[in-house]
Amino acid sequence: GAGVSQSPSNKVTEKGKDVELRCDPISGHTALYWYRQSLGQGLEFLIYFQGNSAPDKSGLPSDRFSAERTGGSVSTLTIQRTQQEDSAVYLCASSPHSYEQYFGPGTRLTVT
Amino acid sequence: AQSVSQHNHHVILSEAASLELGCNYSYGGTVNLFWYVQYPGQHLQLLLKYFSGDPLVKGIKGFEAEFIKSKFSFNLRKPSVQWSDTAEYFCAVNGGSQGNLIFGKGTKLSVKP
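As the structure is a computational prediction, the values presented were derived from the model and not from experiment.

## Structural notes on the overall build of chain B
Here is step 1: What chain B contains, in helices and strands, is 0 helices and 12 strands.
Here is step 2: In chain B, the succession of α and β elements from N to C terminus is β-β-β-β-β-β-β-β-β-β-β-β.
Here is step 3: For 113 residues, the compact-globule estimate of 2.2 N^0.38 gives 13 Å, and the C-alpha radius of gyration of chain B, at 13 Å, lies within 12% of that figure.
Here is step 4: Based on the C-alpha atoms only, the size of chain B along its principal axes is roughly 45 × 25 × 20 Å.
Here is step 5: Residue burial in chain B is summarised as follows: out of 113 residues, 49% are buried.
Here is step 6: In chain B, of all internal contacts separated by at least 6 residues, the share reaching a separation of at least 24 is 54%.
Here is step 7: Put simply, chain B shows about 5,500 Å² of open surface, and 53% of that area lies on carbon and sulfur atoms.
Here is step 8: Looking at charge distribution, chain B has the averaged site of its 10 positive side-chain charges lying 4 Å from that of its 7 negative ones.

## Overview of the overall build of chain A
Here is step 1: What chain A contains, in helices and strands, is 0 helices and 10 strands.
Here is step 2: Each helix and strand of chain A, placed in order from N terminus to C terminus, yields the pattern β-β-β-β-β-β-β-β-β-β.
Here is step 3: Relative to a compact globule of 112 residues, whose C-alpha radius of gyration would be 13 Å, chain A shows 13 Å and is just as compact.
Here is step 4: Summarising its shape, the C-alpha atoms of chain A cover approximately 35 × 30 × 25 Å along the three principal directions.
Here is step 5: Sorting the 112 residues of chain A into buried and exposed places 46% on the buried side.
Here is step 6: Restricting to contacts in chain A with at least 6 residues of sequence separation, those with at least 24 account for 55%.

## Topic: unusual backbone geometry
Here is step 1: A cis amide bond links Ser7 of chain A to the next residue, Pro8 of chain A, at an omega of -10°.
Here is step 2: Mapping Pro8 of chain A onto the fold places it in the loop between β1 (5-7) and β2 (10-13).
Here is step 3: Residue Arg81 of chain A is not a glycine yet carries a positive backbone phi of 45°.
Here is step 4: Residue placement: Arg81 of chain A occurs in the loop between β7 (75-79) and β8 (88-95).
Here is step 5: Using a relative accessible area of 42% as the deciding quantity, one classes Arg81 of chain A as partly exposed.
Here is step 6: Phi at Lys61 of chain B is positive, roughly 60°, even though this residue is not glycine.
Here is step 7: As for its position among the elements, Lys61 of chain B is in the loop between β7 (56-58) and β8 (64-68).
Here is step 8: Taking the relative accessible area as the measure of exposure, Lys61 of chain B reaches 46% and is therefore partly exposed.

## Here we look at the pattern of salt bridges
Here is step 1: Per the counting criterion, the structure on display carries 8 salt bridges over all chains.
Here is step 2: Across the pair Arg22 of chain A and Asp24 of chain A runs a salt bridge whose closest N-O atoms are separated by 2.8 Å.
Here is step 3: A relative accessible area of 38% means that Arg22 of chain A is categorised as partly exposed.
Here is step 4: A single salt-bridge network, built from bridges that share partners, covers Lys58, Glu64, Glu66 and Arg77 of chain B.

## Considering the nonpolar core
Here is step 1: Formed by 29 residues in total, the largest nonpolar core has its most connected members in Leu33, Trp35, Leu48, Phe74, Leu76 and Tyr89 of chain B.
Here is step 2: With 20 residues, the next largest nonpolar core counts Leu46, Ile47, Phe49 and Ala88 of chain A among its residues.

## Notes on the state of the cysteines
Residues and elements named next belong to chain A.
Here is step 1: Per the counting criterion, the structure on display carries 2 disulfides over all chains.
Here is step 2: Bridging Cys23 to Cys92, the disulfide has an S-S length of 1.9 Å. Since a negative S-S torsion denotes a left-handed disulfide, the Cys23-Cys92 link at about -65° is left-handed. A residue pair is termed long-range when its members are at least 10 positions apart, and Cys23 in strand β3 (residues 19-24) and Cys92 in strand β8 qualify at 69 residues.
Here is step 3: For Cys23, a relative accessible area of 0% puts it in the buried group.

## Remarks on the packing of aromatic side chains
Here is step 1: Tallied over the full model, the rule gives 15 aromatic pairs over all chains.
Here is step 2: Aromatic side chains Tyr33 of chain A and Tyr48 of chain A sit 4.7 Å apart centroid to centroid with 0° between the ring planes, which places their arrangement in the stacked category. Of the two residues, Tyr33 of chain A sits in strand β4 (residues 31-38) while Tyr48 of chain A sits in strand β5 (residues 42-50), which places them 15 residues apart along the sequence.
Here is step 3: Here Tyr48 of chain A falls in the buried class, since its relative accessible area comes to 10%.
Here is step 4: Consider the rings of Phe34 of chain B and Tyr36 of chain B, whose centres lie 6.3 Å apart with planes at 35°: the pair is tilted.

How each quantity is defined
Residues numbered from 1 in each chain as written. Chains lettered and ligands numbered in written order. Predicted model: local features only at pLDDT ≥ 70, side-chain atom pairs only at ≥ 80, totals over all residues. Heavy atoms only, no water. Helix = DSSP H or I, 4+ residues; strand = E, 2+ residues; numbered from the N terminus. Rg over C-alpha atoms; globule rule 2.2 N^0.38 Å. Buried < 20%, exposed > 50% of the residue type's maximum accessible area, 1.4 Å probe, protein only. Contact = heavy atoms within 4.5 Å. Areas by Shrake-Rupley, 256 points an atom, 1.4 Å probe, with all protein chains shown as cover. Lys, Arg positive; Asp, Glu negative; His and termini not counted. Charge placed at Lys NZ, Arg CZ, Asp CG, Glu CD. Salt bridge = Lys/Arg side-chain N within 4 Å of Asp/Glu carboxyl O. Core = buried A, V, L, I, M, F, W, Y, C linked by side-chain atoms within 4.5 Å. Disulfide = S-S within 2.5 Å. Phe/Tyr/Trp six-rings, centres within 6.5 Å; stacked < 30°, edge-to-face > 60°.

Written out as structure tokens, the structure is:
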């Protein structure tokens, strides 16, 4: 079946602009996660959605970062007023429960 | 706070050599343990997982890992590597009620043909 998909695959933006990254999880998966992968920091957790529960936002690095999950499916990660340190690969994962996670291909964000 | 340590940053082996990648975690309660692999240009894929039961788990492509609770370790092994195993390997853990994974920094494996 179809895996986790993310769009766009690459995004180049100017410092100060807002960006939106999209994730389509595997159908039926109740849990959805956002991580980012960067050279210096490795893989960092950002935010976690489980069903209709309030999201776990404990990994968001600043209030410029936010995420929504509509209808328990598609999720959008928004970064406002992007900074150069936001440059990274943003990964989305989904899970049928809270254990093994299946990752998408990522969105490579470059802030110039 | 939970953390995961992978001791080797870059490992270089010749084909047919045996592989062992170290992974240690810090968490006092029940944990779920994972190894993920990222082949060049590809996304993260689950290699194997441990939830409970037999501490020796077998994954895809001939990989296995052993959970040693007393050592807080979950080392990845393969008896004979192939050039196609060249990739970056990540150990990860989640525990208790926490849903997200905590990842190690990764180990890059280069296999010389």
